[in-house]
Structure formats: C-alpha cells, structure tokens
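So you can see what is in the structure, the chains are spelled out below.
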Amino acid sequence: MKNLSSNFKNVLLVIAGLLLAASCNTPGNAYKSGALAGDVASQVYVPPGEYDEFYAFMSGGFSGQISVHGLPSGRLLRIIPVFSVDAEKGYGFNEETKAMLNTSHGFIPWDDAHHPELSQTNGVTDGRWIFINGNNTPRVARVDLSTFETAEIIEIPNSGGNHSSPFTTENTEYVVAGTRFGVPYPQQDVAIDSYAENFKGMLTYISVSEEGDMDVAFQILLPAFDYDLAHSGKGKSHGWTFFTTYNTEEKATLLEVTASQNDKDYIAAVNWKKAEEYLAQGKFREVAANYADNEYDESTQMATSTMKNSVKILTPEDCPGLVYFLPTPKSPHGVDVDPTGEYIVGNGKLSADLTVHSFTKMLAAIENESFEKVVAGVPVLQFEEVVAGVVPEAGLGPLHTEFDANGNAYTSFFITSEVVKWKVGSWEVLDRAPSYYSIGHLMIPGGDSKEPQGKYLVALNKITKDRYLPTGPELCHSAQLYDISGDKMKLLLDFPTMGEPHYAQGISADRIQSKSKKFYPLEENKHPYATLGEKDARVERAGNNVHVYMTTIRSHFAPDNIEGIKVGDKVYFHVTNLEQDWDVPHGFAMMGANNAELLIMPGQTETLLWEPKTVGVFPFYCTDFCSALHQEMQGYVRVSPRNSDIAMTWKLGEDDPVQ
Amino acid sequence: MSSPLSFTISCMKKYPRILMIIAVLLLIGLFIFPMWRITLLAPQYPNGVTMYIYINKIGGDSPSTLQNINILNHYIGMKYIEPESIPELKYFPYIIYSVMGLGILAAVINKGKFYMAWGILMVILAALGIYDFYLWEYDYGHNLSDTAPIKIPNASFQPPLFGVKQIINFTAISYPHTSGIMAGIAIVLSFVAWKLKIRNEKYAEQVSSDSDAYSGVLMRSKA
Ligand SMILES: [Cu+2]
C-alpha cells in the first residue's frame with residue numbers, strides 16, 4: 001500500500017513537472033497566428049445583415065453530411081443531411097425520406113461522406129447541384145441547390161469504398177465512382193490471400209440527365225488497385241478522366257508497408273468518349289447486379305427506392321485505347337487537372353516531389369505506343385514520355401492541388417503541414433504558408449474548374465490540438481482561410497467545421513442565391529396524404545393503421561384533440577404545413593415516438609409513425625418557435641385499450657369542432 | 001380648302017371628345033392595375049408585406065400575401081380579410097362599366113355639361129368608394145374578436161386611409177396606386193373636356209356672329 005501511494009506521488013510530481021515545462025514552452029501569439037500582419041479582421045468581417053461573397057460546401061466525413069459555410073466569414077449556414085439520418089430534420093426518420101437511405105444491404109443510417117463536387121457547365125460551376133460520395137457503402141448523392149435537400153442517392157455495385165468519387169466531367173455528363181478497396185468480382189466466398197487473383201477494381205461512370213437523374217451508365221473492370229482520387233479533363237482534355245492508384249502491389253494485409261513498396265504507382269487515364277463508342281458498338285457485357293437508386297420527388301415530397309439489377313461492364317482487353325496507366329511516384333493521392341486541361345498533377349503522398357504529366361505528351365506517347373509494359377490489358381506509358389515537369393522537394397506528403405486564375409497552383413503538404421504555391425509550367429516554388437495543423441485537402445472557389453474564382457484558399461486541417469478552447473478529448477476539425485490575391489499567401493482566419501471535411505467546393509454566392517427556394521407552393525403539393533386546408537383535417541382508421549391528416553398554421557394543429565386511438569395501433573401523423581411564407585416551419589413532436597421529430601417547411605407534408613404502447617393521454621407539440629403563440633401550439637392524443645369501443649373523434653377548438 | 005388655322009381649329013374642336021374617350025379608356029386600368037396599396041413594414045419583414053386593392057379583388061406581392069396578413073391579424077382578433085365576403089368587389093365592376101358607358105355617351109353627345117356631369121358623377125362615386133374603404137378599415141380595426149389572444153387597450157389597429165401610421169410593431173403605409181391615379185386623371189380629363197368644350201362653344205358663337213373680325217384676324221396673322 002505504502003509503496004503504491006509513494007509511487008503515485010512520484011507520478012504526480014513528474015506530471016506537475018511536465019505541466020510546468022509545457023507552460024514555459026507555450027508558443028507565443030506570433031507563432032500561433034502565423035504572424036498575422038495588418039488589419040486582417042476587416043477582410044473576414046461581414047457586417048450584420050450582409051452576405052458572404054462565397055458559399056463553401058464542406059464534406060462532413062464521418063458525419064455523413066455536407067456543411068455549408070459562408071466565406072470569408074467562415075460562418076456556418078446550414079448542415080445538409082445526406083448519408084446520415086438527422087433527427088433534427090426528421091431526415092431518415094420520417095416516412096418520406098427513409099427510402100433515401102435504402103441499399104442492397106437494407107436501410108443504412110450512416111456513411112462517410114468525402115468529396116463534394118459542384119455540377120459544371122462548360123467546365124464552370126453552375127450552382128445546380130452538388131454531388132458527394134459515400135465511401136463506406138458505395139454511394140453517390142446529388143443535392144439540389146435550390147432547396148439544399150438531398151434529391152437522389154445511387155448505390156454503386158461491384159465496388160468497396162467509393163473514394164475516387166464523385167468528380168464531374170465538364171458538362172456534368174458523368175460523375176465518377178472508383179473503388180478504393182478491391183473486392184472479389186463477382187462478390188464471393190474466397191480466401192483473402194487470393195487478392196491478386198480474385199479481387200478487382202471497378203471504375204464507375206454515373207450519367208447525369210438534364211434534370212439531374214443519375215444512372216450507372218457503365219463500369220470498367222480493372223486490377224484490384226486502390227483507386228484513390230480522380231478528376232476529369234477539361235478543355236483539350238475533355239473526354240478523359242484521371243484516377244490515382246496506390247496498392248498497385250495488390251496486397252490485402254499490412255498495407256502501410258506492403259502497399260508502399262513500388263516506387264511508382266499509376267494514374268489511370270480513362271477515355272470515356274471512347275467508352276461511349278464501345279458501348280454503342282455493343283462491346284460491353286451486361287452483368288447481373290443489385291443496387292438501389294433512391295430519388296426524392298419534390299412534388300410528392302417522397303423518396304422512392306428502386307432496386308436495379310444489371311450493369312454494363314467494359315474490359316480493357318475488349319476495348320483497346322480505353323485506359324492507359326501513367327506511372328506516378330509513391331502512392332499518389334489527389335490528381336488535379338489545371339484550368340487549361342493540359343497539366344495533370346499527381347500528388348505522390350509518400351514523396352517529396354510533385355509529378356506533373358502533360359496531356360499533350362500523353363497523347364503523343366499513346367500515338368507512338370511508348371509503352372513500358374501492359375498490365376491486365378492496360379498499356380503503361382513510359383514515365384519520361386508523359387511527365388511535363390517536377391516540382392522538386394516542395395515539401396513532404398503532397399495530397400492535393402488546386403489552382404487560381406493566374407497560372408498558380410497550391411498544394412497541401414500533410415507531413416510538413418503547409419500550403420505551397422508554385423508556378424504551373426516553370427514548376428518553381430513561389431511561396432509557402434504553414435497550416436495549423438497537418439492540412440489534408442484544400443479548396444479555392446472554382447479551383448478544380450476551368451475558371452477558378454480565386455481570392456481565397458481554405459485549408460482543411462486534420463489536426464486541431466490547441467487552436468480553440470479545449471472541449472475534452474474530441475475536438476472539432478479546423479479550417480483556415482488564406483488570402484491568395486497577392487504574391488504572398490496571408491492567413492486570415494481559423495474556423496471550426498463539422499465532422500471531418502475531406503474536401504470542399506466553393507462558388508460565388510450569386511450563382512446560387514437567386515435560385516434559392518423560399519417555400520413550397522401548396523398548390524404544387526402532390527403528397528398522397530397532404531391536407532390542403534384545415535377543413536379537410538381528419539382521422540381515418542384502416543384496421544390497426546390510423547392516418548391522421550393534420551395541418552399546421554400559426555399557432556395551432558388541426559385537429560389538436562384526437563380520441564379513439566388504441567394500444568397496438570400504428571398511427572401515421574401526416575402533417576401539412578399550410579404556411580406560405582418564407583422561414584415559417586413548424587415542428588411536430590409526439591411523446592414516446594421511437595423515431596424523431598418532424599420539421600415541416602411551408603407547403604410541405606411529412607409523416608411521423610407513432611406506435612403507442614400503453615393507455616393514457618399523450619401530448620404533442622410544435623418544436624420550432626414559430627410565433628408569439630408557439631408555446632400554445634400543442635395537442636393531445638387519447639390512447640385506449642385494444643378492446644375499447646371509444647369512437648374515433650377529433651376536434652380543434654371548443655365551439656368550432658373540425659369534425 | 002382648309003388653312004392651317006382652320007385645321008387647328010377643327011382639331012381643337014375634337015379635343016373634348018378625344019379627352020373624354022381617353023378618360024373612359026383610363027378606367028379600363030381599374031381592371032388591370034391596383035387602385036390602392038397598403039404596405040406593412042416590420043423588422044422581421046425586410047421587404048414588407050404589401051396588399052394591393054383592385055376594383056374586383058384583393059391581392060398581394062405573392063399569392064400567399066393575404067393568408068400571411070390574416071395570420072398576423074388573427075392574434076389581435078381581427079376578422080379574416082376574405083375577398084369573397086366583400087360584396088363591393090362584386091358590384092363595383094358593374095358601376096365602372098356603367099360609368100364607362102355614360103362616358104362614351106357623353107362623348108357621342110359631345111356637350112360641355114355632359115362632360116361636367118360625368119366628372120361630377122365620378123367625383124361622387126370616388127368619394128363614396130373611399131368612404132366605403134374607410135368603413136371597411138374601421139370595421140377591421142375596431143370589430144375585434146373578444147377571444148383575441150393579444151389585447152392591447154386603447155391601441156388602434158385601423159390602417160390609415162392615406163398616409164403612414166404605426167400599428168403596434170408595424171408601420172402601415174397606404175396610398176393610391178396605378179389605376180387609382182388613372183381614375184383621378186380621368187376625372188381631371190373630363191373637367192378639361194368640359195372647359196374646352198365651353199370655350200369652343202363660346203368661340204363658335206363669336207365666330208358665327210362676327211365672321212369679318214375673324215377674317216381680319218386671319219389677314220393680320222398672314223401679314
Ligand atoms: Cu409552430
């Protein structure tokens with residue numbers, strides 16, 4: 001006992017000593033702020049009532065959502081639920097949106113959302129939609145930017161870990177989905193050791209119609225490398241997509257070592273225009289598959305999930321000229337195409353150098369058949385024949401590059417924790433700025449499009465440590481805003497983000513602002529259980545199912561007293577918000593409901609299922625402070641025993657019963 | 001052959017009738033444009049809530065404006081503004097049709113006192129209409145439900161007829177709008193027509209009683 005306690009004291013002393021040392025070593029403000037100079041506050045200050053210049057859409061990573069911030073203020077404007085249920089908004093809990101999260105594995109309430117990608121027209125962001133990938137259970141979602149609601153989620157068959165996704169082509173003809181994890185093809189019970197033999201890697205092209213409807217157009221069967229990131233060509237390279245790979249060693253265990261052995265992995269260059277030709281010629285195999293395509297219909301306000309059962313597969317052996325491999329050093333992460341479409345930057349994450357390929361040289365190498373070898377039917381081009389230049393020893397651990405409108409590139413370096421600015425073409429390093437800490441991706445509004453909008457750069461940092469007041473062991477991720485309008489990058493602002501943003505997209509506000517919907521016109525509400533006026537409010541029983549046709553308007557529900565419900569009933573509250581004004585949602589919360597609340601926008605109908613288990617009288621109420629009499633917006637449901645003969649009645653008001 | 005002056009005179013002769021026809025045409029505006037506009041301003045309504053009153057309907061800057069105004073009004077127990085329950089919106093159009101008919105008749109008859117009579121009729125109708133509007137406003141502002149959730153003793157909820165007024169948290173602004181102004185111009189035109197007609201009639205008398213003097217004028221002007 002004595003020994004133990006004296007040991008404990010010693011430990012305490014050591015800790016106290018360490019704490020003292022740490023407090024002596026606390027870095028000064030100059031270090032923490034990156035030596036901020038001048039009046040940076042005014043550069044990020046957006047006065048009350050005024051708007052930010054840009055929208056920034058950040059992926060939520062393991063939150064499964066997208067968060068929307070304003071730039072330059074960094075203010076959080078909204079969280080859009082995409083792959084994860086959101087009890088606050090009823091998303092994935094109400095009857096209308098459950099189908100959005102359906103997959104071939106059933107209902108999945110979560111995913112890991114990585115890369116938001118704005119739709120483009122002629123290579124320029126157009127503000128119609130934003131796409132995002134679900135990495136865990138391979139999916140791609142489309143979010144409508146007039147409502148900021150998820151409009152469609154499509155599952156990707158024959159895939160595992162949808163990481164190199166959903167990068168768009170120049171006119172949003174396709175968004176892509178390359179698998180990060182090789183999986184047996186077809187999926188089957190095989191030894192994991194047989195990876196190289198039985199596993200495959202699939203690149204998927206999802207077509208996007210004028211209305212936004214997504215479909216799996218075709219898949220390309222390739223070796224089971226890990227397809228990490230992608231970008232499609234633009235301008236002269238329109239028609240091509242570039243995917244980075246690692247684990248070209250094709251290993252399935254201890255990848256941190258086994259998959260880091262090859263000096264060079266590949267960038268897979270896919271000629272999707274060629275793929276279209278092969279499809280037209282019928283050079284595909286139609287293969288059975290099972291995947292969900294879930295669409296939200298704005299007029300019925302309901303999601304429907306359709307299971308699809310086949311997919312067209314192209315193989316390089318049958319389709320010469322479809323895919324080429326460009327050798328690229330050390331497990332490249334991001335692959336980024338400069339605004340002219342000529343340069344393809346491979347961010348070799350275990351390398352100190354950045355490798356830049358030339359599209360023109362690539363075409364020449366293909367023309368001259370300068371092949372090093374052929375892997376699984378795919379010609380590997382000679383490295384020297386395709387490389388345009390190398391940014392030498394720019395830093396350590398390059399992950400991702402974006403561009404400004406003046407021919408400069410900005411690369412994030414995770415290991416050396418910095419952003420490095422360099423000149424496209426001359427490959428000289430122009431400037432470097434530290435990030436706090438360990439930057440992952442970075443974003444410049446329009447920085448992966450034909451027309452970067454420049455001005456700001458956002459660093460999405462992986463490590464936060466001491467940047468904000470501590471909040472226990474778990475900290476928010478931190479973003480940093482840099483002014484890139486001058487020769488030198490200037491750190492302006494730190495701001496916390498939701499989940500773990502893996503990538504972001506920025507767009508000038510005017511491309512979205514004017515299209516933003518204010519409410520849903522009631523006359524366009526085609527929900528099958530809509531109640532378009534208070535006089536139609538009612539309760540209908542069909543066996544054990546009870547349908548409550550309920551309305552909300554400031555500041556009451558109709559009906560607000562319901563009797564005749566019995567234990568064991570399934571009660572569906574179909575609540576229509578009759579308001580027709582901007583920003584007047586009503587909430588609906590039912591005591592004992594096992595799901596969530598409803599948050600109903602003006603003109604919308606949403607449905608909450610409630611299964612009362614005991615007799616009694618249970619209150620419901622409005623959760624969204626809607627008016628001066630919001631607190632009065634409440635009602636009761638009486639639940640009687642199963643065998644009771646209490647009649648079904650409902651009412652609103654004492655002298656003005658609804659019935 | 002008509003000299004320039006006689007041409008001018010023949011035009012001058014046509015003026016009253018043309019003016020009267022324009023006055024009648026201006027009344028068509030009542031069926032196209034609002035006659036009155038009431039705007040409510042409050043911090044929560046950065047663009048204001050605007051109600052437009054037509055001869056035959058009540059509208060707003062959006063199809064849902066009236067509903068939104070009614071929702072606000074119900075807290076103080078004000079009756080719902082329901083255009084279907086306002087009979088004036090149904091029979092006012094017929095009054096306007098009749099007045100337009102009378103205006104055309106006046107133009108056909110083309111006598112000064114008919115123009116004057118039409119103008120006076122319009123003034124009386126406009127005064128009655130505005131008085132009726134005032135009565136409705138008074139009714140909405142005073143005839144409040146006993147069970148109103150919000151009761152403010154001595155507060156006036158009656159919107160202004162003309163001008164600006166503070167109604168609890170709202171600034172209410174009420175002024176005539178396009179077709180109201182057009183109707184006003186129609187009245188003015190009818191009186192101008194009357195004045196011109198009288199002058200023309202007097203002039204014609206003078207000319208016929210003294211045609212020599214008239215040719216004298218003509219010669220002097222040619223010299
Ligand atoms: Cu409410």
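Residues numbered from 1 in each chain as written. Chains lettered and ligands numbered in written order. Predicted model: local features only at pLDDT ≥ 70, side-chain atom pairs only at ≥ 80, totals over all residues. Heavy atoms only, no water.

A.B. asks: Hey, could you go over the domain arrangement of chain A for me, with residue numbers and the actual values?
C.D. replies: Residues and elements named next belong to chain A. Under the domain assignment used here, chain A contains domain 1 (54-515) and domain 2 (522-651). Distance between the C-alpha centres of domain 1 and domain 2: 43 Å. Opposite the 13 residues of domain 1 that make contact, domain 2 presents 17 residues. Counting each side, the surface lost to burial between domain 1 and domain 2 is near 1200 Å², with a carbon and sulfur contribution of 50%. Considering only the surface of domain 1 that becomes buried against domain 2, Glu95, Glu96 and Gln301 emerge as the three largest contributors, covering 36% of it. At the surface where domain 1 touches domain 2, the tally comes to zero salt bridges. Taken together, the links from domain 1 to domain 2 amount to eight residue pairs in polar contact (both at pLDDT 80 or more). (Domains from an automatic or database assignment. Contact = heavy atoms within 4.5 Å. Buried area = accessible area lost by both parts, 1.4 Å probe. Salt bridge = Lys/Arg side-chain N within 4 Å of Asp/Glu carboxyl O. Polar contact = N/O pair within 3.5 Å; in protein donor to acceptor, adjacent residues only side chain to side chain.)

A.B. asks: Let's hear about the coordination of the copper ion: which residues, and what values?
C.D. replies: The copper ion binds to the protein through His586 of chain A (ND1), Cys622 of chain A (SG), Cys626 of chain A (SG) and Met633 of chain A (SD), with metal-donor distances spanning 2.2 to 2.6 Å. Around the copper ion sit four donor atoms, and with donor-metal-donor angles ranging over 95 to 131° the site reads as tetrahedral. (Donors = N, O, S within 2.8 Å, 3.2 Å for Na, K, Ca; no water. Tetrahedral: all angles 85-135°; square planar, octahedral: opposite > 155°, others 65-115°.)

A.B. asks: Pulling in residues and values, what's your account of the side chain of histidine 69 of chain A?
C.D. replies: Residues and elements named next belong to chain A. Along the chain, histidine 69 turns up in strand E2 (residues 66-71). By relative accessible area, histidine 69 is classed as buried at 1%. Of note is the side chain of histidine 69, whose polar atom sits 3.4 Å from the side chain of serine 67. At 3.1 Å, the side chain of histidine 69 and the backbone oxygen of glycine 74 are in polar contact. In this structure, histidine 69 is in contact with Phe54, Tyr55, Ala56, Met58, Gly74, Arg75, Leu76, Leu77, Phe495, Pro496 and Thr497, ignoring residues within four places of it in sequence. (Helix = DSSP H or I, 4+ residues; strand = E, 2+ residues; numbered from the N terminus. Buried < 20%, exposed > 50% of the residue type's maximum accessible area, 1.4 Å probe, protein only.)

A.B. asks: Now, about the pairing of strand E32 (residues 456-461) of chain A: what can you tell me, with residues and values included?
C.D. replies: All names here are of chain A. Of all the six residues making up E32, six are buried; the element is thus mostly covered by neighbouring parts of the structure. The two faces of E32 match: Tyr456, Val458 and Leu460 on one face and Leu457, Ala459 and Asn461 on the other face are all buried. Pairing geometry for strand E31 (residues 439-443) and E32, over three bridges, is antiparallel. Within E32, the position partnered with isoleucine 439 by the bridge is asparagine 461. Relative to strand E33 (residues 477-483), E32 runs antiparallel, the two being bridged by six bridges. Bridging across to E33, valine 458 finds its partner in leucine 481. (Pairing = 2+ DSSP bridges.)

A.B. asks: Run through the interface of chain A and chain B, naming residues and quoting values.
C.D. replies: On the chain B side, the residues contacting the ten residues of chain A number nine residues. Counting each side, the surface lost to burial between chain A and chain B is near 800 Å², with a carbon and sulfur contribution of 53%. Looking only at chain A, the three residues that lose the most surface to chain B are Arg554, Gln580 and Leu629 of chain A, adding up to 56% of its buried area. Taken together, the connections running from chain A to chain B amount to zero salt bridges. One can count five residue pairs in polar contact (both at pLDDT 80 or more) joining chain A with chain B.

A.B. asks: Provide a residue-level description of the confidence of the model for chain B, including the pertinent values.
C.D. replies: Regions with low pLDDT carry predicted coordinates that are not meant to be interpreted in detail. Residues and elements named next belong to chain B. Looking at chain B, pLDDT values average 87 and 87% of them are 70 or higher. When pLDDT is averaged over each helix and strand of chain B, the minimum, 48, is found for helix H6 (residues 211-222) and the maximum, 95, for strand E5 (residues 170-176). Contacts for the low-pLDDT stretch residues 214-223, under 50 throughout, to residues beyond four places or in other chains number four contacts. (pLDDT = per-residue confidence, 0-100.)

A.B. asks: Could you give an account of the environment of aspartate 624 of chain A, with specific residues and numbers?
C.D. replies: All names here are of chain A. Mapping aspartate 624 onto the fold places it in the loop between strand E44 (616-621) and strand E45 (634-640). With a relative accessible area of 22%, aspartate 624 lands in the partly exposed category. Measuring from C-alpha to C-alpha, the distance between aspartate 624 and lysine 515 comes to 25 Å, with 109 residues separating the pair along the chain. In this structure aspartate 624 touches Pro585, His586, Gly587, Leu599 and His630, once residues within four positions along its chain are discounted.

A.B. asks: An account of the sheet that holds E44 of chain A is needed here, citing residue identities and associated values.
C.D. replies: Residues and elements named next belong to chain A. Here six strands make up an open sheet; going across it, the order is E42-E41-E44-E45-E39-E46 and the pairing mixed. With partners counted over all chains shown, the strands left at the sheet margins are strand E42 (598-600) and strand E46 (649-651), one partner each. Averaged over neighbouring strand pairs, the angle between their axes works out to 20° when direction is ignored. Pairing analysis gives four bridges linking strand E39 (residues 561-566) to E45, with the strands arranged parallel. (Axes fitted to C-alpha atoms, helices over the stretch in contact; angles between N-to-C directions.)

A.B. asks: For the pattern of salt bridges, give the residues involved together with the corresponding values.
C.D. replies: Summed over all chains, the structure comprises 23 salt bridges over all chains. Notably, a salt bridge pairs lysine 517 of chain A with glutamate 298 of chain A, separated by 2.5 Å at the nearest N-O pair. Taken together, the residues span a long stretch of sequence, with lysine 517 of chain A in the loop between helix H9 (510-513) and strand E36 (538-542) and glutamate 298 of chain A in the loop between strand E18 (285-297) and strand E19 (302-314) at a distance of 219 residues. Between aspartate 139 of chain B and lysine 79 of chain B there is a salt bridge, with its nearest N and O atoms 2.5 Å apart.

A.B. asks: Outline the sheet that holds strand E30 (residues 429-434) of chain A, listing residues and values.
C.D. replies: Residue and element names in this part refer to chain A. Reading across from one edge, E27-E28-E29-E30 is the order of the four strands in this open sheet, with antiparallel pairing throughout. Among the strands making up the open sheet, the edge pair consists of strand E27 (398-403) and E30. Going across the sheet, the axis of each strand differs from the next one's by a mean of 20°, ignoring polarity. By the bridge criterion, six bridges tie strand E28 (residues 408-413) to strand E29 (residues 418-423) in an arrangement that is antiparallel. Bridged to alanine 409 within E29 is tryptophan 422.

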